[in-house]
Amino acid sequence: MANNVIGFAGIDKYEFILYLSRIVFHLGKKVLLVDYSESEALYQCIPVPESLREAGCSIHYRGIDFLLGKHYHPDLGLNYDVVILDLGFQGKADIVSKCTSLFYVTDLQLHNIRKLRLQIPAEGIAVNLIIKDVFFCKIKAEDIIEEWKQ
């Protein structure tokens, strides 16, 4: 497994993952993106021929490798400096435990915040919260954090 395995859980976050992967790539690092999400939104952001989609092949696109979670094995991560996982909402404990850091992504919607409480990271994993689409209203970031922690 790579030394840096970054997990993203929560609402659609493929734009963050793509942006972060491009930065890491331009720093001269080899990057693998693995899509475990229910929607496969990350994997569908790139042009993939249908014959390769089901074959379990990693797709190399603009210097970054993409792979569906069902075809990922942690030993594949040894070939990369950074592995970024899109965990969707249903991140499995065995996958989350492999992460060195974890980012929960939500918005101001209560149902999305409550879904994230189902995800429990392993000990020793750095946990961060990203709140998307924040605008001035009666709901404050502190309220979201408090709801998330319950």
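Residues numbered from 1 in each chain as written. Predicted model: local features only at pLDDT ≥ 70, side-chain atom pairs only at ≥ 80, totals over all residues. Heavy atoms only, no water.

Details of the overall build of the protein chain
1) Next: When you go through the protein chain residue by residue, the secondary structure sums to 5 helices and 7 strands.
2) Next: Reading the protein chain from its N terminus to its C terminus gives the helix and strand order β-α-β-α-β-β-β-α-β-α-β-α.
3) Next: Put simply, the protein chain has 150 residues, and 41% of those count as buried.
4) Next: Excluding contacts between residues fewer than 6 apart, the proportion of contacts in the protein chain whose partners are at least 24 apart in sequence is 72%.
5) Next: Counting every atom, the protein chain has about 8400 Å² of accessible surface; 55% of that belongs to carbon and sulfur. (Helix = DSSP H or I, 4+ residues; strand = E, 2+ residues; numbered from the N terminus. Buried < 20%, exposed > 50% of the residue type's maximum accessible area, 1.4 Å probe, protein only. Contact = heavy atoms within 4.5 Å. Areas by Shrake-Rupley, 256 points an atom, 1.4 Å probe, with all protein chains shown as cover.)

Some points on helix H5 (residues 141–149)
1) Next: Taken together, the buried positions of H5 are occupied by Ile-144, Glu-147 and Trp-148. Along H5, the residues classed as buried sweep out an arc of 100° about the axis, all on the same side. Within H5, the exposed residues directed more than 90 degrees away from the buried face are Glu-142 and Lys-149.
2) Next: On its buried face, H5 is in contact with strand E6 (101–106), helix H4 (110–116) and strand E7 (126–131). (Arc of directions from axis to C-beta.)

Thoughts on the packing of aromatic side chains
1) Next: Throughout the structure, instances matching the rule amount to 2 aromatic pairs.
2) Next: Judged by centre distance (6.5 Å) and plane angle (90°), the rings of Tyr-36 and Tyr-72 are edge-to-face. Of the two residues, Tyr-36 is situated in the loop between strand E2 (31–35) and helix H2 (50–53) and Tyr-72 in the loop between strand E4 (64–68) and strand E5 (82–88); the sequence distance between them amounts to 36 residues.
3) Next: Taking relative accessible area as the criterion, Tyr-72 reaches 11% and is therefore assigned buried.
4) Next: Its guanidinium or amino end placed over the ring of Phe-89, Lys-115 lies 4.6 Å from that ring's centre, counting from NZ or CZ. (Phe/Tyr/Trp six-rings, centres within 6.5 Å; stacked < 30°, edge-to-face > 60°. Lys NZ or Arg CZ within 6 Å of the ring centre and 35° of its normal.)

Re the side chain of Asp-35
1) Next: In this structure, Asp-35 sits in strand E2.
2) Next: The side chain of Asp-35 is buried and forms no salt bridge, while Lys-13, the nearest opposite charge, is found at 7.1 Å.
3) Next: Within the structure, Asp-35 has its side chain in polar contact with the side chain of Ser-37 (distance 2.6 Å). (Lys, Arg positive; Asp, Glu negative; His and termini not counted. Salt bridge = Lys/Arg side-chain N within 4 Å of Asp/Glu carboxyl O. Polar contact = N/O pair within 3.5 Å; in protein donor to acceptor, adjacent residues only side chain to side chain.)

Topic: the environment of Glu-123
1) Next: Note on placement: Glu-123 falls in the loop between H4 and E7.
2) Next: The exposure class of Glu-123 is exposed, given its relative accessible area of 81%.
3) Next: Each C-alpha atom, one on Glu-123 and one on Ser-97, is 8.2 Å from the other, the two residues being 26 residues apart in sequence.

As for the pattern of salt bridges
1) Next: Summed over all chains, the structure comprises 2 salt bridges.
2) Next: A salt bridge links Asp-86 to Lys-13; its shortest N-O distance comes to 2.8 Å. Of the two residues, Asp-86 is situated in strand E5 and Lys-13 in the loop between strand E1 (4–10) and helix H1 (14–26); the sequence distance between them amounts to 73 residues.
3) Next: For Asp-86, a relative accessible area of 2% corresponds to the buried category.
4) Next: Between Lys-132 and Glu-15 there is a salt bridge, with the nearest N and O atoms lying 2.6 Å from each other. Separated by 117 residues along the polypeptide, Lys-132 in the loop between E7 and H5 and Glu-15 in helix H1 bring together distant segments of the chain.

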